[in-house]
Amino acid sequence: MLGKRIIVLLVALFTLTAIPTTTVSAIATDLAPGDVLVKPLPGAPAIGLPGDTIEIYPAEGVTIQSLQIISILHGPYDLQILDTENSVIKAKIPDDAVPDVYFLVVKSDKGEVTIPNGVWVMKEAPTVLRIAQGSDLHITSGSKMGFVCGDYFQKSTTEILEYCRNPIPLHSYTATDSFMTYYAMVGLNGENIVNIILSTGDDVDTNGDRTGYQMLDETILHATAAGTPFISVKGNHDHPPTYYTEYVGPRYFYEVIGNFIIIGLDSRGEERHPEMEQLEWMEQVLKDHPGKIPIVLVHHPFWYISRYEGGVVENLTAFDDNDWQQIKKLASWDWVGKNGEYEDIARKFLQIVEEYNVKLILSGHIHKDKPVLYIDKNGNKHWFYTLTTTGAPDKTSNPPSQTDINRGYTQPSWYGSQVIYVYSDGKVEFPFVNDLFAENTIISLPIPQKFIVFRQNGEEGTAVKFINELGQSISGPFVLEIPEGAKIDPQATNITYTVLGEREIGGTYYMLLNITVPEGMSQIAVVKETDTKAPEVSIGYLSPSKPKPGQAFKVYISANDNVGIKDMKVEVIVDGKVVAEYPAFSMKPAEVEATYFTEIPGVDAESFTIKVIATDFYGNTGEAEYTYSGTATPTTTTPTASGESTCGPAALVGLVMIPLLLRRRK
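Residues numbered from 1 in each chain as written. Predicted model: local features only at pLDDT ≥ 70, side-chain atom pairs only at ≥ 80, totals over all residues. Heavy atoms only, no water.

S.K.: I'd like to hear about the overall build of the chain, residue by residue, with values.
M.R.: Helix and strand counts for the chain stand at 9 helices and 42 strands. Here the chain, with 666 residues, has 59% of them falling under the buried criterion. Sequence separation of 24 or more characterises 73% of the internal contacts of the chain that already satisfy a separation of 6 or more. Per element, the accessible surface of the chain, about 26,100 Å² overall, is 47% carbon and sulfur. (Helix = DSSP H or I, 4+ residues; strand = E, 2+ residues; numbered from the N terminus. Buried < 20%, exposed > 50% of the residue type's maximum accessible area, 1.4 Å probe, protein only. Contact = heavy atoms within 4.5 Å. Areas by Shrake-Rupley, 256 points an atom, 1.4 Å probe, with all protein chains shown as cover.)

Pasting the structure below:
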């Protein structure tokens, strides 16, 4: 009896350790960027030309000892501290600093931090601000996933298998990293399609997910270290800003970029609009910067009109009482209140937009594309553009299920981004959209829907898998974290590349390349030596543990590899025959040791075998089987991998995807 109890206890302990969790505990020894600075931070850089003076805002009680900027190709440069006034440090960018987006290395009495996207040294003030907008990234360290299926995405395999044979599982980290990577490749150092990346909130899925914010900073690094700067505002999922102000940026702020000024507002979580104090601050900022072209970022969209459709509102003004009665009927309840309790705030905001001729207001939140053109009585055009989600699996089924229709969700969902140009005369242009108000048309661009970057960072190498279904090759700068001494293996790389430079920054080795990603699927491997080791893989458990015939269940898998796992699939075997195959995906996509899981819609049999096959970037495979027979205790077997026995439970991170040729979005 005692022996049985010990066995039961050991099984319970194993199960508990295998269960994935989204709870994140802070590590007291970690020093976050926000522990030392209020600004600049990874989502709010300091900006200037060589020789300009920039402002550095230390955290309360912190004494800054030195400031330095460094990039993979340039520097390091010491920033001369000129003055400190009202706790704000004035620092000079060296006259000979080469234009680039730099890490900011800060030494303080509290410790040293290295901040990606810390200082953007411009070559010249832009005459056109070429914006790449992303929104609702919803990065999580947990298991929130979506599946790319043609032009749309879905939250669950059980809801798309009828019309999508090869869904690509896409973690929010991977979706965000693909967005950042793409626009960095076609950004400042590329084809000059964009010169800045903006995010309009809900950067993570849970405000207390510290690891999620660290994952976000990795994606920011991949864009900014490649030369394209990034700015973000917080959303309701970032509220309260438990870690947002530690890893991303201040609640609200402004950035001057030549003739443009970007104002980031905080719509305060479930309050869903800025408070009057913020609007008064915004108005003062605009008064202090006359002649600048204003652009406002705020997570919750101002207009309602209809929930998911845009339109034109014209010949009205917030300064007229009668006009305001019409306007507030078209504005969102988030801003005016269901009973008009916040309409003084909504009216003040629109008055500021009119008075200071704010040309562009960018938002997110609703996970749908929604353009609204507001033309005031003076004929001035004000674009309010709300973007669909760039990385969050939505609550909507595709096509909508009856349950979704009953809840009011009837629109399909997709991942997307947008490119918007703002000229020095105030003109706003959407260069890649023919008709912003076309009905039943996807107006956002298919990034990351059709350009996906799966990264793996192992102890003995780094590998990346690309899916490019944009109809053309994509070229530009690309950043990798690599082990010290690793080199590109041409035998395991089928993209065109040129190594531009390598450098250690903040204890991490980086490689900057110029690459060309062809259409279809491709990869790059940077390793210390040819990889001959097979992935380690084992099956942890099923949930529920005893699925009934036809009942959906999840399979949790542990795996590990020395370089990276390229593909992982799960086969369902009944009576010795493979009856179904599903993709599995990692909960920590960039790590080579992590938990994977997949969802099985159901097996119409009392007993069956689950077989997991993990393949790395060199074609080595690791396999594991899990046999279930009704109420009997399941048994796990570990077959050979590449001629050798695989190890037991380990955590693996691999990005799983199945090749899918997507038709080009028109």
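Next comes the rest of the write-up.
S.K.: Please give an account of the environment of Gly134 that cites residues and values.
M.R.: Position of Gly134 relative to the elements: it lies in strand β10 (residues 128-134). Judged by relative accessible area, Gly134 falls into the buried class, the value being 0%. As for Gly134 and Leu198, which are separated by 64 residues in sequence, their C-alpha atoms are 6.2 Å apart. In contact with Gly134, not counting residues within four places along its chain, are Phe179, Leu198, Ser199, Thr200, Leu387 and Thr390.

S.K.: Kindly report on the pattern of salt bridges, identifying the contributing residues and their values.
M.R.: Per the counting criterion, the structure on display carries 22 salt bridges. A salt bridge links Asp266 to Arg251; the shortest N-O distance between them is 2.6 Å. Pair noted here: Asp266 is in the loop between β17 (260-264) and α5 (276-288) and Arg251 is in the loop between α4 (244-247) and β16 (253-257), with a separation of 15 residues, a long-range link. By relative accessible area, which is 29% here, Arg251 ends up partly exposed. The salt bridge partner of Glu275 is Arg268, with a shortest N-O separation of 3.3 Å. Assigned by exposure class, Glu275 and Arg268 land together as buried. One salt-bridge network, held together by shared partners, links Lys234, Arg251, Asp266, Arg268, Glu271 and Glu275. (Salt bridge = Lys/Arg side-chain N within 4 Å of Asp/Glu carboxyl O.)

S.K.: Please give an account of the sheet that holds strand β7 (residues 88-92) that cites residues and values.
M.R.: If you walk across this open sheet you meet the 4 strands as β1-β3-β7-β6, and the pairing is antiparallel. Of all the strands in the sheet, the pair left with one neighbour each is β1 (37-39) and β6 (80-85). Here the strands of the sheet are splayed against their neighbours by 35° on average, with no regard to which way each runs. Direction of pairing for β1 relative to strand β3 (residues 53-58): antiparallel, over a ladder of 2 bridges. From the neighbouring strand, Leu37 faces β3, where its bridge partner is Pro58. (Pairing = 2+ DSSP bridges. Axes fitted to C-alpha atoms, helices over the stretch in contact; angles between N-to-C directions.)

S.K.: Would you mind going over the sheet that holds strand β21 (residues 370-376) in detail, with residue names and values included?
M.R.: If you trace the 7 strands from one edge of the open sheet to the other, you get β16-β17-β18-β20-β22-β21-β19, paired in mixed fashion. In the strand order of this sheet, the two ends are held by β16 and β19 (311-316), each with one partner. Neighbouring strand axes in the sheet, compared pairwise and without regard to direction, differ in orientation by 15° on average. As paired elements, β16 and β17 share 5 bridges and run antiparallel to each other. Bridge pairing in β17 places Glu255 opposite Ile262. Those strands touched by helix α6 (residues 321-330) are β19 and β21, and its axis lies near 165° from that of β19. Where helix α8 (residues 343-355) meets the sheet, it contacts β18 (293-297), β19, β20 (360-363), β21 and β22 (381-386), and its direction lies at approximately 130° from that of β22.

S.K.: Break down the packing of aromatic side chains for me, citing the residues and quoting the values.
M.R.: Taken as a whole and assessed by the stated rule, the structure comprises 27 aromatic pairs. In textbook terms, an aromatic cluster arises when at least three aromatic residues are bridged by ring pairs, as seen for Phe302, Trp303, Trp335, Phe349, Tyr374 and Phe384. Seen from the ring of Tyr421, Arg130 lies directly overhead, with NZ or CZ sitting 5.3 Å from the centre. (Phe/Tyr/Trp six-rings, centres within 6.5 Å; stacked < 30°, edge-to-face > 60°. Lys NZ or Arg CZ within 6 Å of the ring centre and 35° of its normal.)

S.K.: An account of the packing of α6 against α8 is needed here, citing residue identities and associated values.
M.R.: In the contact formed by α6 and α8, the axes pass within 12 Å of each other and the chain directions differ by 105°. As far as their axial angle goes, α8 and α6 are roughly perpendicular. Listed contacts from α8 to Asp321, Trp324, Ile327 and Lys328 of α6 are Glu343, Ala346, Arg347 and Leu350. Residue composition of the contact of α6 with α8, grouped by class: 4 nonpolar, no polar and 4 charged. (Parallel < 35°, antiparallel > 145°, perpendicular 65-115°, else oblique. Nonpolar A, V, L, I, M, F, W, Y, C, P; charged D, E, K, R; others polar.)

S.K.: Residue-level account of the confidence of the model for the chain, with values.
M.R.: Summing up the model confidence of the chain, the mean pLDDT is 87 and the portion of residues at 70 or higher is 85%. Predicted confidence is poor over residues 1-29, with pLDDT under 50, and the contacts of this stretch with residues over four places away or in other chains come to 18 contacts. Per-residue pLDDT stays below 50 along residues 639-666; that stretch engages in 125 contacts with residues further than four places along the chain or on separate chains. (pLDDT = per-residue confidence, 0-100.)

S.K.: I'd like a description of the side chain of Asp151, backed by residues and values.
M.R.: Inspection of the secondary structure puts Asp151 in the loop between β11 (145-149) and β12 (152-154). One polar contact links Asp151 to Lys450, side chain to side chain, over a distance of 3.2 Å. (Polar contact = N/O pair within 3.5 Å; in protein donor to acceptor, adjacent residues only side chain to side chain.)

S.K.: Mind laying out a negative patch on the surface, listing which residues take part and the relevant values?
M.R.: A cluster of acidic residues, Glu218, Glu459, Glu591 and Glu593, forms a negative patch at the surface. Mapping Glu218 onto the fold places it in helix α3 (residues 210-224). (Patch = residues over 30% accessible without salt bridge, like charges linked within 9 Å, V, L, I, M, F, W, Y side chains within 5 Å. Lys, Arg positive; Asp, Glu negative; His and termini not counted. Charge placed at Lys NZ, Arg CZ, Asp CG, Glu CD.)

S.K.: Talk me through unusual backbone geometry; I want residue IDs and the actual numbers.
M.R.: The peptide bond linking Lys39 to Pro40 adopts the cis configuration, its omega dihedral lying at 5°. Locating Pro40 in the fold gives a position in the loop between β1 and β2 (46-48). In this model, Asp202 sits at a positive phi of 55°, which is unusual for a non-glycine residue. Its place among the elements puts Asp202 in the loop between β14 (196-199) and α3. Overall, the relative accessible area of 1% leaves Asp202 in the buried class. Not every positive phi belongs to a glycine, and Arg268 is a case in point at roughly 60°. Mapped onto the secondary structure, Arg268 falls in the loop between β17 and α5. Judged by its relative accessible area of 17%, Arg268 falls in the buried class.

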